[in-house]
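Structural characterization, general
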Amino acid sequence: MSFDRRIYNFAAGPATLPEEVLQQTADELLNWHGLGTSVMEISHRSKEFMAVYEETLADLRELMSIPDDYEILLLQGGGIGQNAAIPMNLMPLAKKPKADFIVTGIWSEKSVKEAQKYGEAHVAATSLNGHFRSIPERSTWQLSKDAAYVHICANETIGGVEFAHFPDVGTAPLVADISSNILSKKMDVRQCGVLFAGAQKNIGPAGVTIVIVRKDLIGHAMAITPSIWDWAKEVANQSMFNTPPTFPIYVSGLVFKWIKRQGGIKEMERRSQVKSSLLYDFIDQSSLYESRVDKNCRSRTNVTFFLKDEGLNAEFLAQSNEAGLAALRGHKAAGGMRASIYNAMPIAGVEALLAFMQEFERRA
Ligand SMILES: *Cc1c(COP(=O)(O)O)cnc(C)c1O
């Protein structure tokens, strides 16, 4: 299939980017800021790149209202890398290396498995028995007294399960994987000790990982911690202990400016509410489609749904692709369909998907 226009891309990550940002990237690619070179080809330590870098951090700090006692690190290795870095940096805060996990899907499950290499990863609550369609009631969580931290996945990208709010977990710092809902709504950073996200879902190209850490949690890493993931070493080197992913950082910076022009987090939150409601409201009254996630924890950024007659899946995917609505196949571990509708997905894209789904149902 070939298109002579941009399609609506519902991929979970890498994911669609704002067209304005792509256009600006293209316009400045060969000659960036009159330097006669692209931003990719200059030193990360040059004053020109450092200016971009500082501005990117400042814009993110402003957008998310990140308090001064939190560091922002721009690292590599993705959320999966942080699944190892977090226990290595934080578990020494406990008498015996240990952390609590709330397991609400495949991503938090992965976090548990990785943390087990470094200490005890205690599952304080899990919705596995309910096929990861809900978030266990807070009153049922078996939090430990001696855990270094409590880990949650704020938005399970595969199952489409999202915490409406950060939970209160007592004195242990809360660690939140916000890979797929960062910048989609107002988040109170103060409720967390650590927040982390790869850029390739709701921000920019793959390759840069944002880690927001409260300062008192830095400087406790296990001796085995690779230097590039030792937060203290990264802070001391302005996240440049090794060469940072300069191009993804530059594009992420353009996206932050784009969000600011659109009206900031408040507007992103409003749009994500509009977009997700359009889909869920239709799905809930449909006789062809169904959502299997509890209403109180449905993701606003990854809308998962199923065709009640799974025999129609292949036809649904083929026809949607044909219509320029790409990448709606659910993750192989979950099946069904998934529409990832991050900040860069315009409301018009969701309306086009909705119209397609309605038409498909009429003809089914
Ligand atoms: C994508 C994702 C990750 C992993 O990100 P990588 O960049 O591939 O390491 C972790 N957690 C969540 C919730 C994700 O959506």
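Residues take numbers from 1 onward in each chain, read along the sequence in its written order. In keeping with the predicted nature of the model, local features appear solely for residues at pLDDT of at least 70, side-chain atom pairs appear and are counted solely at 80 or more, and the whole-chain, interface and lining totals rest on all residues. The side-chain quantities take in all heavy atoms of the structure and omit both hydrogens and water.

As annotated in an unreviewed UniProt entry, the chain carries the name Phosphoserine aminotransferase and comes from Polynucleobacter sp. UK-FUSCHL-C3. As its UniProt record puts it under Sequence similarities (unreviewed entry), the chain is described as follows: "Belongs to the class-V pyridoxal-phosphate-dependent aminotransferase family. SerC subfamily." Under the UniProt heading Function (unreviewed entry), the entry covering the chain gives this text: "Catalyzes the reversible conversion of 3-phosphohydroxypyruvate to phosphoserine and of 3-hydroxy-2-oxo-4-phosphonooxybutanoate to phosphohydroxythreonine." UniProt positions are given in the numbering used here, feature names are shortened, and annotations may be inferred rather than shown by experiment.

1. Some remarks on the pairing of strand β2 (residues 70-75)
Where burial is concerned, most of β2 is hidden: 5 out of the 6 residues are buried. Sheet topology places β2 next to strand β10 (residues 209-214); 6 bridges connect them, and they run antiparallel. Considered in β10, the bridge of L74 is made with I210. For every residue, the accessible area (1.4 Å probe, protein chains only) is compared with the maximum for its type, and the residue is labelled buried under 20%, exposed over 50%, or partly exposed between those bounds. Every helix listed is a DSSP run of H or I at least four residues long, and every strand listed is a run of E at least two residues long, numbered separately from the N terminus. Note on pairing: two strands pair once DSSP finds at least 2 bridges between them.

2. As for the site of the ligand
Proximity is defined per residue: if any heavy atom of the residue lies within 4 Å of a molecule or strand, that residue is considered near it. Taken together, G78, G79, I80, W107, C153, N155, T157, D177, S179, S180, Q200 and K201 make up all the residues around the ligand. Two N or O atoms form a polar contact when they lie within 3.5 Å of each other; inside protein one atom must be a possible hydrogen donor and the other a possible acceptor, and for residues adjacent in sequence the pair counts only when both atoms belong to side chains. Here an oxygen atom of the ligand and a side-chain polar atom of Q200 are 2.8 Å apart. The separation between an oxygen atom of the ligand and a polar side-chain atom of K201 is 2.6 Å. Each accessible area is a Shrake-Rupley estimate made with a 1.4 Å probe; only the visible protein chains count as cover when residues are assessed. For the ligand, the protein covers 87% of the area, taking 380 Å² as the surface of the free molecule. In terms of residue count, helix α3 (residues 78-90) provides more of the shell around the ligand than any other element does, 3 residues in total.

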